[in-house]
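Architecture and fold: a report
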Amino acid sequence: MRNEPLIVAATSDFAGQVRGKAFPAVELDKRLKRGIGWTPTNVQITCFDLIAESPFGALGDLVLIPDPATLVKVDYDDGCPAEQFVFGDILDMAGDPWQCCTRSILKAALKRLEDASGLSLKGAFEHEFHFCDRDAPSAGAYTAAGFRAEREFGETLFSVAANAGLKPDTFMKEYGPDQYEVTIGPSMGLAVADQASILRELVRITADRLGQRTSFTPLRNPDGVGNGVHIHMSLRDGNGKPATYDANGPHQLSRTAGQFVAGILKYLDRIVAITAPSVVSYTRLTPHRWSAAYNNLGYRDREASVRICPVSDISDIKAAEQFNFEYRAADAAASPYLALAAIVHAGVQGIEEGLACPEATHEDLSLLPEQELEARGFLRLPQTLESALDRFADDDTVTGWFPDGFAQIYRLHKLGEIEFLKDKTEIDTCAAYEAAY
Ligand code: GLU
Ligand code: MG
């Protein structure tokens, strides 16, 4: 059959969904200049495909300009057309970033980091997801048999990911039933979120091509294991040199990295509405799920919101090069752009306020009495999406990091999502998110 190759120009939106329009590949040059038309109210389409209250109604026009740095063309050599997509920025008709463009919001956050400290961000997203529709779990946690059960998927994914310019790193059978984890190597700045968005699409496309279905939902069932997104970060100076490590600093963090981490933890309860933005996210963010329940720094502790990752003395890579910390209170209901923007803003706020590096915890905070938690400055993270949204919306410092109007529109979006679920049981809520992500 004959076909005209099309490229999807896409955005990763408030719902963490990839939406866009396709255009003929032969018109790429034109589209890089002119973009494709976009509609403001699209941003209020929730993950359940219903439109939340929109301040825009049927009015207005925008343009989505593809960024060729994100152009992906992957051919599966299976007789079907190559997959082509490209992410871009949503601009108003005058060419200025639109207030709800997630990618432009991240660009502004990275610029603030650069202006405040002269530093740039290096990082990578680590993703967990599961295969759906299995009659029985295929293999045990971390097993080689678990890898072999999805060898074809893993090897296909790594091949297309490498072709798309990513650095596939590890693939493994995670702890949950049919749950897998995939990691990719780090990149710089905006590309960190671009690559996370590309990776998620490639997981979905690869599964489709192999007749499988996957989900990145934060929580598959109320008692089950969560699918986390762990965001690894480090800072680089103007010469591209590592700026996170100080052998003599507290927990080996440099002064600026300590301030950055302190900012994340200080504002954590007010940014989880953005980094873990589904109703089921808040069941995942509970103690003993290896996710994050308090605003604590952990030294190699997988229950901490920010965890200092290990550096190995036997590696051929210098400690300062390896050294990074990970943010664990995130999931794939969040657009990678928005999640990273919120974290970077909180970190820069910490630098600007000159915050002291937090003490790392070494114990199970859920066992400590409330007074002790309070005395040591630990907060239990919000336990529902509603309360997370309230904490976000009530803090002028935090909402002020984002463009005018963003906070109200984002909140309306999420309230629409909550409204859709209001009469559903926990099981049905989990099922709805499993289908959506
Ligand atoms: N599945 C856990 C989560 O929800 C993470 C497990 C791990 O440490 O990799 O974040
Ligand atoms: Mg994992």
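The preceding data block contains the structure.
Residues numbered from 1 in each chain as written. Chains lettered and ligands numbered in written order. Predicted model: local features only at pLDDT ≥ 70, side-chain atom pairs only at ≥ 80, totals over all residues. Heavy atoms only, no water.

Our next topic: the packing of helix H6 (residues 255-275) against helix H11 (residues 385-393). The description of two packed helices rests on the angle between their axes and on the distance between the axes. H11 packs onto H6 with a crossing angle of 120° between their chain directions and a minimal axis gap of 7 Å. Judged by the twist between their axes, the crossing of H6 over H11 is left-handed. The segment H6 lies against H11, with Asp-269, Arg-270, Val-272, Ala-273 and Ile-274 engaging Ala-388, Leu-389, Arg-391 and Phe-392. Split by residue class, the contact of H6 with H11 holds 6 nonpolar, no polar and 3 charged. (Axes fitted to C-alpha atoms, helices over the stretch in contact; angles between N-to-C directions. Helix = DSSP H or I, 4+ residues; strand = E, 2+ residues; numbered from the N terminus. Left-handed = near helix turned anticlockwise from the far one by under 90°. Contact = heavy atoms within 4.5 Å. Nonpolar A, V, L, I, M, F, W, Y, C, P; charged D, E, K, R; others polar.)

With that out of the way, let us pick up the pairing of strand E12 (residues 229-236). Among the 8 residues of E12, 8 are classified as buried, and the element is accordingly described as predominantly covered. Burial along E12 is two-sided: Val-229, Ile-231, Met-233 and Leu-235 facing one way and His-230, His-232, Ser-234 and Arg-236 facing the other are all buried. Where strand E7 (residues 120-131) and E12 come together, 8 bridges link them in antiparallel fashion. Paired with Glu-126 across the bridge in E12 is His-230. Bridge count between E12 and strand E15 (residues 325-330): 4 bridges; the pairing is antiparallel. Within the sheet, the bridge partner assigned to Ile-231 lies in E15 and is Tyr-327. (Buried < 20%, exposed > 50% of the residue type's maximum accessible area, 1.4 Å probe, protein only. Pairing = 2+ DSSP bridges.)

Bringing the site of ligand 1 into the picture now. Within the structure, ligand 1 sits among Glu-128, Glu-174, Glu-181, Gly-226, Gly-228, His-230, Arg-284, Arg-289, Trp-290, Arg-302 and Arg-328. In this structure, an oxygen atom belonging to ligand 1 sits 3.0 Å away from a side-chain N or O atom of Glu-174. Within the backbone of Gly-226, one N or O atom sits 3.0 Å away from a nitrogen atom of ligand 1. Computed on the free molecule, ligand 1 has an accessible area of 300 Å², of which 93% lies beneath the protein chains in the complex. For the shell around ligand 1, the residue count by class is 1 nonpolar, 3 polar and 7 charged. (Near = heavy atom within 4 Å. Polar contact = N/O pair within 3.5 Å; in protein donor to acceptor, adjacent residues only side chain to side chain. Areas by Shrake-Rupley, 256 points an atom, 1.4 Å probe, with all protein chains shown as cover.)

In this section: the side chain of Asp-194. Inspection of the secondary structure assignment puts Asp-194 in helix H5 (residues 190-209). Looking at Asp-194, its side chain comes within polar contact range of the side chain of Tyr-337, at 2.4 Å. Non-local contacts of Asp-194, meaning those with residues more than four positions away in its chain, are made with Thr-70, Arg-103 and Tyr-337.

Let us now look at the environment of Val-272. Residue position: Val-272 is located in helix H6. Its relative accessible area of 0% is what places Val-272 among the buried residues. Sequence separation between Val-272 and Ala-388 is 116 residues, and the spatial gap between their C-alpha atoms is 6.5 Å. Those residues in contact with Val-272 that sit more than four places away from it in its chain are Pro-277, Tyr-282, Leu-285, Tyr-327, Ala-329, Leu-381, Pro-382 and Ala-388.

Judged by nonpolar contacts, the single largest core of 122 residues is most densely connected at Leu-202, Ile-231, Met-233, Tyr-327 and Leu-340. When sequence neighbours within four positions are dropped, the list of residues in contact with Leu-202 reads Val-72, Val-74, Tyr-76, Phe-85, Leu-157, Val-160, Ala-161 and Ala-164. One finds Tyr-294, Leu-365, Leu-368 and Leu-373 within the second-largest nonpolar core, a separate group that totals 6 residues. (Core = buried A, V, L, I, M, F, W, Y, C linked by side-chain atoms within 4.5 Å.)

Turning next to the side chain of Arg-19. Checked against the element boundaries, Arg-19 lands in strand E2 (residues 18-24). At 3.1 Å, the side chain of Arg-19 and the backbone oxygen of Ile-45 are in polar contact. Side-chain polar atoms of Arg-19 contact the side chain of Asp-49, separated by 3.1 Å. Beyond its immediate sequence surroundings of up to four residues, Arg-19 is in contact with Ala-9, Ala-10, Thr-11, Asp-13, Trp-38, Ile-45, Thr-46, Cys-47 and Asp-49.

A separate point is the pattern of salt bridges. Summed over all chains, the structure comprises 28 salt bridges. In this structure, Asp-269 and Arg-270 form a salt bridge, with 3.1 Å as the shortest nitrogen-oxygen distance. The burial state of Asp-269 is the same as that of Arg-270; both residues are buried. Note that Glu-363 is salt-bridged to Arg-376, the shortest N-O span being 2.9 Å. (Salt bridge = Lys/Arg side-chain N within 4 Å of Asp/Glu carboxyl O.)

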